[in-house]
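Close look at the chain arrangement
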Amino acid sequence: MARKIFTLFAVLVLAGTVAWAKPPLYVSFASDDYHEGPTFTGYGAKITAKARVDLMLDQQGDFEGGVVIFPSWFTFEGEIVNYQVIPWGGNFLHIWDLGGSFSFNHYDVGLGSPFLLGTKFDHAVLTSISPNPGQAGETMTLQDAQSVDGNVVFGDGGPFEAVLNLTYPNDYISLGSGFAFTFTHVRVGDFVGPPPLLSSGKFKEEFKAEGSFSGEGGN
């Protein structure tokens, strides 16, 4: 009898844990969402972004449905903390380590642009391949995950809590939490131009780029 009671107690505890666990979180925005300018800019050791995007929340993962769109202000701040370039075939692979943060705030002036989602990072890796050791390529990728960077923990705000039907504050913490950005049309100039020149890994010229985003977090 005691064993049956203990088993029932364990089942109830596990059921309660599952009931209160946050569902997986899948978020993204498409490249060239921002029609008033480029997504990213960079100069020297810094890369920044301030763009209005449609942040898509997918509650169903690989399955159909469950998509909610948040018109959002996306902000990004990153700084180079390390750099190396290595020969890669007949070209050169540029590798930067970046520290910084990014966030999304609901594009709603009346409500004061409430916070939606964001995270910090210390060891994000930016890569680009080019034929020149002193010049970046036309494309770049930036990625990081909690398994290699403990700071990659998505914190969510009220609007996300409401959509996901959650009523308690908590962060999305798991080894599956991670993100990736693409940089395309990396150029010096407003519309056309070559990729930026480099000096010890820092950008000698201000560059602009379009960008896309995909991120995942959950228990």
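Residues numbered from 1 in each chain as written. Predicted model: local features only at pLDDT ≥ 70, side-chain atom pairs only at ≥ 80, totals over all residues. Heavy atoms only, no water.

1. Some details on the nonpolar core
Here is the rule: Within this scheme, the nonpolar core is defined by two criteria: the residues are buried Ala, Val, Leu, Ile, Met, Phe, Trp, Tyr or Cys, and they are joined through side-chain atoms within 4.5 Å. Only protein chains enter the accessibility calculation, which uses a 1.4 Å probe. A residue is then buried if its area is under 20% of the maximum for its type, exposed if over 50%, and partly exposed in between. In this description a helix means any DSSP run of H or I spanning at least four residues, a strand means any run of E spanning at least two, and both kinds are numbered starting from the N terminus. Contacts are residue-level and defined by heavy atoms, with any inter-residue pair within 4.5 Å sufficient.
Counting 41 residues, the largest nonpolar core has Phe 74, Phe 76, Trp 96, Phe 102, Phe 104, Phe 181 and Phe 183 as its most contacted members. The biggest single contributor to this core is strand β3 (residues 46–58), with 6 residues. Leaving out residues up to four positions away in the same chain, Phe 183 has contacts with Phe 40, Ile 47, Leu 126, Glu 138, Thr 139, Met 140, Leu 142, Phe 207, Ala 209 and Glu 210.

2. Points about unusual backbone geometry
Notably, His 185 is not glycine yet its phi reads approximately 55 degrees, a positive angle. Within the secondary structure layout, His 185 lies in strand β10 (residues 178–187). What makes His 185 partly exposed here is its relative accessible area of 40%. With phi around 55 degrees, Ser 200 is a residue other than glycine that occupies positive phi space. Mapped onto the elements of the fold, Ser 200 is located in the loop between β11 (198–199) and β12 (202–217). Relative accessible area serves as the criterion here: at 70%, Ser 200 is assigned to the exposed category.

3. Re the pattern of salt bridges
Stated formally: A carboxyl oxygen of Asp or Glu within 4 Å of a side-chain nitrogen of Lys or Arg is what we treat as a salt bridge.
Scanning the entire structure with this criterion turns up 2 salt bridges. The residue Asp 190 makes a salt bridge to Lys 208 at a minimum N-O spacing of 2.3 Å. Here Asp 190 is found in the loop between β10 and β11, whereas its partner Lys 208 is found in strand β12, with 18 residues between them in sequence. Owing to a relative accessible area of 48%, Asp 190 belongs among the partly exposed residues under this scheme. What makes Lys 208 buried here is its relative accessible area of 18%.

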